[in-house]
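Chain and residue survey
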Amino acid sequence: MDKKFYLVREDVLPEAMKKTIDAKELIDRGKAESIGDAVQKVDLSRSAFYKYRDTVFPFSSIVKEKLITLFFYLEDRSGTLSQLLGVVASAGCNVLTIHQTIPLQGRANVTLSLNVSEMGLGIDDLLSQLSELEFVEKVEVLGSGA
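Figured I'd write up the structure that's included with this text. Nothing here was measured: the structure is a model prediction, and the numbers come from that model.

Where two aromatic rings form a pair, the distance of their centres and the angle of their planes describe that pair. With the rule as written, the count across this model stands at 2 aromatic pairs. Ring centres 5.7 Å apart and planes at 80° place the aromatic pair Phe 49 and Tyr 50 in the edge-to-face group. Centre to centre, the rings of Phe 71 and Tyr 73 are 5.0 Å apart; their planes meet at 85°, and the pair counts as edge-to-face.

Quick look at the structure:
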């Protein structure tokens, strides 16, 4: 049977699913010695952990080939693309492609395809850093994988 997958915002997930992801992360990072230790640290029952452990995953874990495509809505200012690429480079990403539209009405769109296999932080952290740039109006993940 084929299984369908959905990308869902964290704020709409039930608390038990969020805590399951947190417990799995503690185990993966070696901050919990066992499942029992992990579920105790996040205040989750073992039965809830076992119910969801194979069904919920953080977005960063589904990046198959460590490629991601991001779409940006930017204010048209001198040096914005350079600053954007500086943040991407400092995170350890390799830019594979860049596409920028001609600025219209003070706005430009940029699409970046990135190899994130050498990235030193999580994708969520990168997205947060990019969103905080004053000239970035919006950043969206268009896709991931090969």
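What follows picks up the thread again.
Turning our attention to a negative patch on the surface. Side chains of Glu 10, Asp 22, Asp 124 and Asp 125 sit close together on the surface and give a patch of like negative charge. With respect to the helices and strands, the residue Asp 125 is situated in helix H5 (residues 123–131).

Bringing the packing of helix H1 (residues 15–28) against helix H2 (residues 35–42) into the picture now. Taken N-terminus to C-terminus, the directions of H1 and H2 make an angle of 130°; their axes are 9 Å apart at the nearest point. In this view, H1 runs oblique relative to H2, as classed from their interaxial angle. The two elements H1 and H2 cross, and the hand of that crossing is right-handed. Each of Lys 19, Asp 22, Ala 23, Leu 26 and Ile 27 in H1 lies in contact with H2, whose residues at this interface are Ile 35, Ala 38, Val 39, Lys 41 and Val 42. In terms of residue class, the contact of H1 with H2 is made up of 7 nonpolar, no polar and 3 charged.

Helical geometry note: an α-helix holds 3.6 residues per turn, so side chains three or four residues apart project in the same direction. Within the sequence span of helix H4 (residues 80–90), burial applies to Thr 80, Leu 84, Val 87 and Val 88. Viewed along the axis of H4, the buried residues span an arc of 100°, placing them on a single side of the element. Counted as exposed and oriented over 90 degrees from the buried face of H4: Ser 82 and Ser 90. Looking one or two residues past H4, Gly 92 carries a phi angle of roughly 90°, positive in sign.

Scoring rules and cut-offs
Every chain begins its residue count from 1, and numbering advances along the sequence as written. Residue-level local features of this predicted model are given only where pLDDT is at least 70; pairs of side-chain atoms are given and counted only at 80 or more, and the full residue set underlies all totals for whole chains, interfaces and linings. No hydrogens and no water enter the side-chain calculation; it runs on all heavy atoms of the structure. Aromatic rings from Phe, Tyr and Trp, taking only the six-membered ring of Trp, are treated as a pair when their centres fall within 6.5 Å; an angle between ring planes under 30 degrees marks them as stacked, one over 60 as edge-to-face, and anything in between as tilted. Within this analysis, patches are made of residues with over 30% relative accessible area and no salt bridge. Like charges are joined at 9 Å or less; nonpolar side chains (Val, Leu, Ile, Met, Phe, Trp, Tyr) at 5 Å or less. For the accessible areas, the method is Shrake-Rupley and the probe is 1.4 Å, while residue cover comes only from the protein chains on display. In what follows, salt bridge is the name for a side-chain nitrogen of Lys or Arg lying within 4 Å of a carboxyl oxygen of Asp or Glu. Asp and Glu are treated as the negative residues and Lys and Arg as the positive ones, with His and the ends of the chain left uncounted. Where a charge sits is defined by one atom per residue type, namely NZ (Lys), CZ (Arg), CG (Asp) or CD (Glu). Numbering of helices and strands runs from the N terminus, with a helix taken as a DSSP run of H or I at least four residues long and a strand as a DSSP run of E at least two residues long. Orientation is described by axes fitted as lines to C-alpha atoms, over the contacting stretch for helices, and by angles from 0 to 180 degrees between their N-to-C directions. Reported orientations rely on four angle classes, namely roughly parallel under 35 degrees, roughly antiparallel over 145, roughly perpendicular from 65 to 115, and oblique for the rest. For a crossing to be left-handed, the near helix must be turned anticlockwise from the far one by less than a right angle; the clockwise case is right-handed. Pairs of residues are marked as contacts when any of their non-hydrogen atoms sit within 4.5 Å. Three classes are used: nonpolar for Ala, Val, Leu, Ile, Met, Phe, Trp, Tyr, Cys and Pro, charged for Asp, Glu, Lys and Arg, and polar for all others, with Gly counted as polar. Burial classification: accessible surface area is computed with a 1.4 Å probe over protein chains only, and a residue below 20% of its type maximum counts as buried, one above 50% as exposed, and the rest as partly exposed. Within this analysis, the arc is defined by the directions that extend from the helix axis to the C-beta atoms.

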